[in-house]
2 protein chains.
Amino acid sequence: MKHDVSPDSIPPRGHEAKRASIMDAAGEVFCRESFAGANIDMIAAEAGVSRQTIYNHHGDKEKLFVAIVRDLTERCNAGIFATISTFPDQPKDLEADLIAFAVRMNRNCICNRDGKFLRKLIQTEGERYPELFAEWREQGPGRTWPAIAARFARLAHAGFLDIEDPDVAARQFLALANAELQTTFMLGGTPTDDEVLQSATHGVRTFLRAFGKRQPADAQKHSALAGA
Amino acid sequence: MKHDVSPDSIPPRGHEAKRASIMDAAGEVFCRESFAGANIDMIAAEAGVSRQTIYNHHGDKEKLFVAIVRDLTERCNAGIFATISTFPDQPKDLEADLIAFAVRMNRNCICNRDGKFLRKLIQTEGERYPELFAEWREQGPGRTWPAIAARFARLAHAGFLDIEDPDVAARQFLALANAELQTTFMLGGTPTDDEVLQSATHGVRTFLRAFGKRQPADAQKHSALAGA
DNA sequence: ATAAATTTAGACAGCCTTGTCTAATCCGTC
DNA sequence: GACGGATTAGACAAGGCTGTCTAAATTTAT
């Protein structure tokens, strides 16, 4: 049941490097062991830092935890907005462009290290820190979903899609893009690039069957026949 | 941070009643506090039982935990199969029947007490008990998804739907039905009946836009216009 | 009513964890 | 090379938790 205690390769140099190293290790350990199951010695060992240094930097276990969550929330949101800015507003190939967008979203925001950690911490500790995670909810889904919805609304307005409610469509787009990754997410796994692509491809195809224009300007070239 | 310690209403009578009471309380506490955060005294208090009785029944904390997970997995699977058996094979009103099915699935299997607890335990402790949750994966999604897919395949074969890959369609059906409940689930909340209905309605409409027959035998009566 | 089985409260040892303290050491800078 | 801040190992007290044990009380079956 005990985990390896070898310091994470190179001992970090400098004050800030130590801070970063602690944040990294703490995210990892809190995520793997849950708040109650994690202990400071584990984090110190994994960060290649002494226990006292952690107390010097963060005060106590709970403050450290809160710092981790805020940090992850911030970084994840930044990633999501960066990815949203790559939304295909003037698609050349709607299906291919949306698939690529869905893959970017998954790979850079959902399946990556930060995304995985934040998701797990929210699921595991969400009920114990209502205000902290309410903050995440407002800053996260509360801001990203409308942003995505706005992009879909623009795409619909430009005649590429046939959408009544862009908010619903945005949520469904994300749900479809992830539909085949749910079980993996549940168990804390990281899907392979291929699984991400598969899920995105199937999801976007279904999305376009539902919301694509029936007879677009240039006839729908990419039917459900295209190979994987 | 301490939780209420009042025994859960009536002290139970009889050996089996105590066993059940312990299982109930343990599920609740493990789910709320995580395995590491839960302690036997909490569970004993919540079950209205002495600590020693728990040890008499289950040996130790880990065995108790495993018993809870197996119990929840079994009950949830039973519920899911029971619900699958109500799948509308001969729908009178395809949209309404699928919405009702999606609502049943959510209310009876996903949002209910057992479903919520099992989901949380999988998310929280899945990585720590790989074999235990692999078992769940095989018995759960591994058996329920194909069962649902088979029903959709039958519906497609009977001419009600236009589906190439029933497995993909089944996963997407579930993903769409839950699309608007994700954030609530993440934070451990329980959606209201109305939220469940909304999500199912929107999800099924999108599903039918994607997979419904364009010109079915009797013309599509229920377009995307129907009120909530 | 009596006997057997179960449950109970409480005490207990052993262990782990948090957070503090100290004295020695490291590191970059002047 | 000497200084000052940061870091380190290690010891430490206080407290929490698990799992065991006991003797008494309670329940159930006979």
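### Quick look at the overall build of chain A
The secondary structure content of chain A amounts to 11 helices and 0 strands. The N-to-C order of helical and strand elements in chain A reads α-α-α-α-α-α-α-α-α-α-α. Every one of the 228 residues in chain A was classed for burial, and the buried ones make up 50%. For chain A, the proportion of contacts with a sequence separation of at least 24, taken over those separated by at least 6, is 66%. Split by element, the accessible area of chain A, about 10,700 Å² in all, is 53% carbon and sulfur.

### Quick word on helix H3 (residues 51-58) of chain A
Residues and elements named next belong to chain A. Regarding H3, the residues found buried are Thr53, Ile54, His57 and His58. An end-on view of H3 places all buried positions within 105 degrees of arc, on one side of the element. The inward-facing, buried residues of H3 contact helix H1 (15-37), helix H2 (40-47) and helix H4 (61-84). Directly beyond the C-terminal end of H3, a positive phi value near 85 degrees is found at Gly59.

### Some points on the packing of aromatic side chains
Enumeration according to the criterion identifies 24 aromatic pairs over all chains in this entry. Between the aromatic rings of Phe35 of chain A and Phe65 of chain A, the centroid separation amounts to 5.2 Å while the plane-to-plane angle is 70 degrees, which identifies the pairing as edge-to-face. One end of the pair, Phe35 of chain A, is in helix H1; the other, Phe65 of chain A, is in helix H4, and 30 residues separate them in sequence. For the pair Phe35 of chain A and Phe65 of chain A, one class covers both residues: buried. Here the aromatic rings of Phe35 of chain B and Tyr129 of chain B are separated by 6.3 Å at their centres, their planes lie at 75 degrees, and the arrangement is edge-to-face. Highlighted residues: Phe35 of chain B in helix H1 (residues 15-37) and Tyr129 of chain B in the loop between helix H6 (113-125) and helix H7 (130-139), separated in sequence by 94 residues. These aromatic residues form a ring-pair network of at least three members: Phe87, Phe101, Phe152, Phe173, Phe207 and Phe211 of chain A. Note that Lys61 of chain B overlies the ring of Phe35 of chain B, its terminal NZ or CZ placed 4.6 Å from the centroid. Looking at Arg119 of chain B, its charged tip hangs above the ring of Phe185 of chain B, at a distance of 4.2 Å from the centre.

### Quick word on the packing of H1 of chain A against helix H6 (residues 113-125) of chain A
Residues and elements named next belong to chain A. Relative orientation of the contacting elements H1 and H6 amounts to 40 degrees, with a least axis distance of 9 Å. With respect to their mutual orientation, H1 and H6 come out oblique. Judged by the twist between their axes, the crossing of H1 over H6 is left-handed. Judged by residue contacts, Asp24, Gly27, Glu28, Phe30, Cys31, Ser34 and Phe35 of H1 engage Arg113, Phe117, Lys120, Leu121, Thr124 and Glu125 from H6. Residues that form the contact of H1 with H6 fall into these classes: 5 nonpolar, 3 polar and 5 charged.

### Overview of the environment of Arg19 of chain B
All names here are of chain B. Within the fold, Arg19 resides in helix H1. Judged by relative accessible area, which is 28%, Arg19 ranks as partly exposed. Considered as a pair, Arg19 and Thr53 are 34 residues apart in the sequence and their alpha carbons are 9.0 Å apart.

### As for the side chain of Asn106 of chain B
Residue and element names in this part refer to chain B. Here Asn106 lies in helix H5 (residues 94-110). Exposure remark for Asn106: the relative accessible area of 2% places this residue in the buried category. The contact partners of Asn106, leaving out residues within four places of it in the chain, are Cys111, Asn112, Ala177, Asn178, Leu181 and Val196.

### Comments concerning the confidence of the model for chain A
Residue and element names in this part refer to chain A. Of all residues in chain A, 88% attain a pLDDT of 70 or more, and the chain-wide mean is 89. Considering only residues more than four positions removed or in separate chains, one finds that residues 1-11, a stretch of pLDDT under 50, has 9 contacts. In this model, residues 216-228 is a region of pLDDT below 50 whose contacts with residues beyond four sequence positions or in other chains number 11 contacts.

### With respect to the relation of the copies chain A and chain B
In screw terms, the move from chain A to chain B is a rotation of 180 degrees and a rise of 0.0 Å along the axis, fitting with an RMSD of 0.1 Å. The superposition operator between the copies reduces to a two-fold rotation axis. Among all residues of chain A, the one whose C-alpha sits closest to the rotation axis is Ala210 of chain A, at a distance of 2.0 Å. The residues that chain A uses at the interface reappear at the interface of chain B in 100% of cases, marking a shared surface.

### Overview of the pattern of salt bridges
Counted under the stated rule, the structure contains 40 salt bridges over all chains. Of the charged contacts, one joins Asp60 of chain A and Lys63 of chain A as a salt bridge, the two residues approaching to 3.9 Å between their closest N and O atoms. Each of Arg32, Glu33 and Glu46 of chain A together with Glu125 and Arg128 of chain B takes part in salt bridges that share partners, so that together they form one network.

### A short note on the protein's contact with DNA strand D
Residues in close proximity to DNA strand D total 19 residues, the closest being Ser50, Arg51 and Thr53 of chain A together with Gln52 and Tyr55 of chain B. For DNA strand D, the backbone portion of the atoms within 4 Å of the protein, that is sugar and phosphate, comes to 74%. The backbone of Ser50 of chain A places a nitrogen or oxygen atom 2.9 Å from a phosphate oxygen of DNA strand D. Those elements that provide at least two residues to the surface near DNA strand D are H1 and H3 of chain A together with helix H3 (51-58) of chain B. Looking at the surface near DNA strand D, the element that brings in the most residues is H3 of chain A, giving 4 residues. Along the lines of polarity and charge, the residues of the surface near DNA strand D split into 4 nonpolar, 9 polar and 6 charged.

### Some remarks on the environment of Leu161 of chain A
Residue and element names in this part refer to chain A. Within the secondary structure, Leu161 sits in the loop between helix H8 (141-157) and helix H9 (166-178). With 50 residues separating them along the chain, Leu161 and Phe211 place their C-alpha atoms 5.6 Å apart. In this structure, Leu161 is in contact with Leu94, Phe152, Leu155, Ala156, Phe207, Leu208, Phe211, Gly212 and Lys213, ignoring residues within four places of it in sequence.

What counts, and where the lines are drawn
Residues numbered from 1 in each chain as written. Chains lettered and ligands numbered in written order. Predicted model: local features only at pLDDT ≥ 70, side-chain atom pairs only at ≥ 80, totals over all residues. Heavy atoms only, no water. Helix = DSSP H or I, 4+ residues; strand = E, 2+ residues; numbered from the N terminus. Buried < 20%, exposed > 50% of the residue type's maximum accessible area, 1.4 Å probe, protein only. Contact = heavy atoms within 4.5 Å. Areas by Shrake-Rupley, 256 points an atom, 1.4 Å probe, with all protein chains shown as cover. Arc of directions from axis to C-beta. Phe/Tyr/Trp six-rings, centres within 6.5 Å; stacked < 30°, edge-to-face > 60°. Lys NZ or Arg CZ within 6 Å of the ring centre and 35° of its normal. Axes fitted to C-alpha atoms, helices over the stretch in contact; angles between N-to-C directions. Parallel < 35°, antiparallel > 145°, perpendicular 65-115°, else oblique. Left-handed = near helix turned anticlockwise from the far one by under 90°. Nonpolar A, V, L, I, M, F, W, Y, C, P; charged D, E, K, R; others polar. pLDDT = per-residue confidence, 0-100. Least-squares fit on C-alpha atoms with pLDDT ≥ 70 in both. Salt bridge = Lys/Arg side-chain N within 4 Å of Asp/Glu carboxyl O. Near = heavy atom within 4 Å. Polar contact = N/O pair within 3.5 Å; in protein donor to acceptor, adjacent residues only side chain to side chain.

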